[in-house]
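Architecture and fold: a report
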Amino acid sequence: MPSIPIRILLSLAAALIAVASGCSRAPAPEAAVAVAQPRLIPAPAQMRVQGGALQLPAAAEVAATGGAGAEQAAARLSELSQRLHAHGLQRADSASASVHFELDAAAGLAREAYRIEVTDTQARAIASDAAGLFHAATSLALLMQVGEGGASIPKVSIEDVPRFGWRGLMLDSARHAQSVDEIKHLLDSMALHKLNVLHWHLTDDQGWRIEIKQFPRLTEVGGCRIPAGAAGRDPLSGEPSPYCAWYSQAQIRELVAYASARHIEIVPEIDLPGHAQAAIAAYPQLGLLDPALPVSPDWGVHSILFSVEEDTVRTLEQVLDEVVALFPGRFIHIGGDEAVKDQWRASARVQARMRELGVDSEEALQSWLIQRMERYLAAKGRRLIGWDEILEGGLPAGAAVMSWRGIEGGVVAAGQGHDVVMSPSSELYFDYLQSGSEREVPGRPAMIPISRVYAFEPVPPALAADKHGHVLGLQANVWTEHLRSYARVQHAVFPRIAALAERGWSSREQRDFNDFVLRLAALLPAYRALDIAYADTGFEVQLRADLKPGLAQATVRLSVDAGDVPIHYSLDGTPPGPESPRYSTALDLPLPAEVLAAVVINGEAQLPLTKMTLTADSLRLRRSPALMPATPKLVLRLEDDQPLDSASGDARAIFNVDIFEPRWEWPASPVGAGDRLRVRAGRIPYNFQLHGDEANRRFVPAVSPHGELRLQRGCDGPVLAEQVLPADTPAAGFAEFELQLQSGTAPTDLCLQFSGDSRPQLWVIDHIELLPATGRP
Ligand code: ACM
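Because the structure is predicted, anything quoted here is derived from the model rather than measured. (Residues numbered from 1 in each chain as written. Predicted model: local features only at pLDDT ≥ 70, side-chain atom pairs only at ≥ 80, totals over all residues. Heavy atoms only, no water.)

1. Thoughts on the sheet that holds strand E29 (residues 621-623)
Taken together, four strands build an open sheet; the order of strands is E29-E39-E33-E37 and the sheet is antiparallel. Both edges of this open sheet fall to E29 and strand E37 (734-740), since each of them pairs with a single strand only. Strand-to-strand twist in this sheet, taken as the mean axis angle between neighbours without regard to direction, amounts to 25°. Note that strand E33 (residues 676-685) and strand E39 (residues 761-771) share 10 bridges and pair antiparallel. Considered in E39, the bridge of alanine 681 is made with isoleucine 765. (Pairing = 2+ DSSP bridges. Helix = DSSP H or I, 4+ residues; strand = E, 2+ residues; numbered from the N terminus. Axes fitted to C-alpha atoms, helices over the stretch in contact; angles between N-to-C directions.)

So, in structure tokens, the structure goes:
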């Protein structure tokens, strides 16, 4: 029989209590103050809502017993409630303090677990470890409410314990780095969600970001790259304009301490034997090419690997010596992903080394290297973790596996008795976009809405019950090829991190997306108070309108990418709310029309409001996200490469493009007789290395020196119009073309393609617009 989620029972109980107290007795004094339903993310294992609240005086006191961990929890509550509610608490030893924290190892609570009891007179929190009490302080700060009657904490009893011990987020500081203050902000924000592991991706083909005293060139040389395209040149002098960043050992110690004070372990990653181009650019003797390649300005899978000479391996061990000294946590991540073996296969020296070592395949050679690293780390009391490719060729018993190519690697590894962290790209890659909004940041548009993160289950049915304990937990990864600023990292991380947190902390059964959405709405004020630049695009109503033949009407479809949440709309200019019509099926609207729409949660319209004035003209324009092929090969949302300090300031154009087969499609477009098609196009560097996938790249051969822009009826149909392309775009970065359409039949499937090789520069379309033959300004 399926078990009934605890929370449903609890909220039923709370409702009964509320009804009972409302019927049977006069309200208690504190009931005069409105108490909102307490809402926490992640959902506690058990929360009993008693009704009413503990009133906090203006100078409320907090007491702590049990030592440093209790003091820390008291300070945490005071600081967080000050930031969230402008209501701090004074540290005091008085028995009558409003809040009391008790650290008691003898209480027998599990790791990170805590208990909270809020009565009319006091809130008491107890835990058996400092992390548990810290989490209790976070919960209390989030439970606190401030209204006209002052500050209060709802009367609740909470018994809470995390489901998993690894609740992680991976930050890629190699492709684009973040400042120390930004990483502190991220750590603070992780602590708000009770996450406890920051996996820090510090080395890659595009940059080496960790200072290693014995090998200073790793950062001096490996910490800088010349970006592809215009971004890599100074706009005034034309000189190379490097992108440089690294973290000094002092900064790293500061961050490790900052994380530790929030009960977060930083797991550093030194990626090997692939993703090594920056290190090899700094010390070519570590690699196999002479001369070595520079630090890479490209994204994707590179073919550069470390050599396996004893000197190289010894250097890597010396690097690990410093890494281990900097990061006191249990795990060191050694990467192991995407190490394509072409270089090893082609190198006579590597082949000879394989014979020396007695290994008979390149996979076995990687396995030999991983085992060597594992032994080295184990001798220092550390555990090795790597991406799931480290399973290939065999893995030492103590090594742990991070499953990213789906969960299969994790299932296999756990089946073999390895500990695993589930981090599948299909659910937990936060550089995948969360919505189809035009306001999305650059990234990978294969969409991962928050509901998909929420639905993820780290312990799959395929895993035998006796292996479940090997699933340490889960982790979301934020790769930053396309997230060049911390603002964009935040857009990618928040609010999906809330869904991640609940899956990592709450039980398997506590899985109610509608209830989660209610609690998320209650968390957003905390995001704002903590200056978290979260994405609101997931809950933005997306409007898609198609002109109907005759151009007097449009079919309008509304959707929300976050998940199944109610959409309300209005057509009379009034703000939509719960009383407005609820959207269910496509609307046929006479033009012009003004559509306002919003998601309504808990009786309130949520921001952002979608407001769109639809006219026949406005619907004759389409931007690149709406022009992607129905069956794309590899769509990316990419940014123009204009230097940031150009006249355009921080703003760069963003384009959706299928980099394997760039084509832009408008099925059933409302083409009319004599229409022209205006195309606004830009040009961006094609800076991708895709290894085996390179063969999937398709382009139409050019006829004229710089190629042609072709408009076809369907991508394989007849050419309707053609425009010879210039050598490049004008200085502003955009070119505009106008194609004259002969065809008079509507609707028509339009397809646009640029002929010519898409390397090194790729033509991309920003938007297209159908212009009538006459009558348009
Ligand atoms: C990965 O995404 N290459 C781990």
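2. Some details on the pairing of strand E2 (residues 61-65)
Examined bridge by bridge, E2 and strand E3 (residues 90-91) share two bridges and lie parallel to one another. In the strand pairing of E3, glutamate 61 is matched with glutamine 90. At this point the chain moves from E2, through helix H2 (residues 68-85), to the parallel E3, and the crossover so formed is right-handed. (Right-handed = clockwise from strand over helix to strand, strands pointing away.)

3. What to know about the state of the cysteines
According to the stated counting rule, one finds two disulfides in the structure shown. Two residues, cysteine 224 and cysteine 244, share a disulfide whose sulfurs are 2.0 Å apart. Because the sign of the S-S torsion sets the handedness, a value of about 115° for the bond joining cysteine 224 and cysteine 244 places this disulfide among the right-handed ones. Here cysteine 244 lies in strand E14 (residues 243-244) and cysteine 224 lies in strand E13 (residues 224-225), a separation of 20 residues in the sequence. The connectivity of the disulfide bonds within the protein chain can be written as 1-2, 3-4, using the sequence rank of each bonded cysteine. (Disulfide = S-S within 2.5 Å.)

4. Side note on the pattern of salt bridges
Per the counting criterion, the structure on display carries 61 salt bridges. The salt bridge involving arginine 262 is made with aspartate 188; its shortest N-O contact spans 2.5 Å. Taken as a pair, arginine 262 in the loop between helix H6 (249-261) and strand E15 (265-272) and aspartate 188 in helix H4 (residues 180-192) lie far apart in primary sequence, 74 residues in all. Two residues, arginine 484 and glutamate 639, come together in a salt bridge whose shortest N-O distance is 2.9 Å. With arginine 484 in the loop between strand E21 (471-478) and helix H15 (486-493) and glutamate 639 in strand E30 (residues 635-639), this residue pair connects regions lying 155 residues apart in the sequence. We classify arginine 484 as buried; its relative accessible area is 16%. Judged by relative accessible area, glutamate 639 falls into the buried class, the value being 14%. Linked by salt bridges that have partners in common, Glu309, Glu310, Arg314, Glu317, Arg349, Arg353, Glu356 and Arg372 make up one network. (Salt bridge = Lys/Arg side-chain N within 4 Å of Asp/Glu carboxyl O. Buried < 20%, exposed > 50% of the residue type's maximum accessible area, 1.4 Å probe, protein only.)

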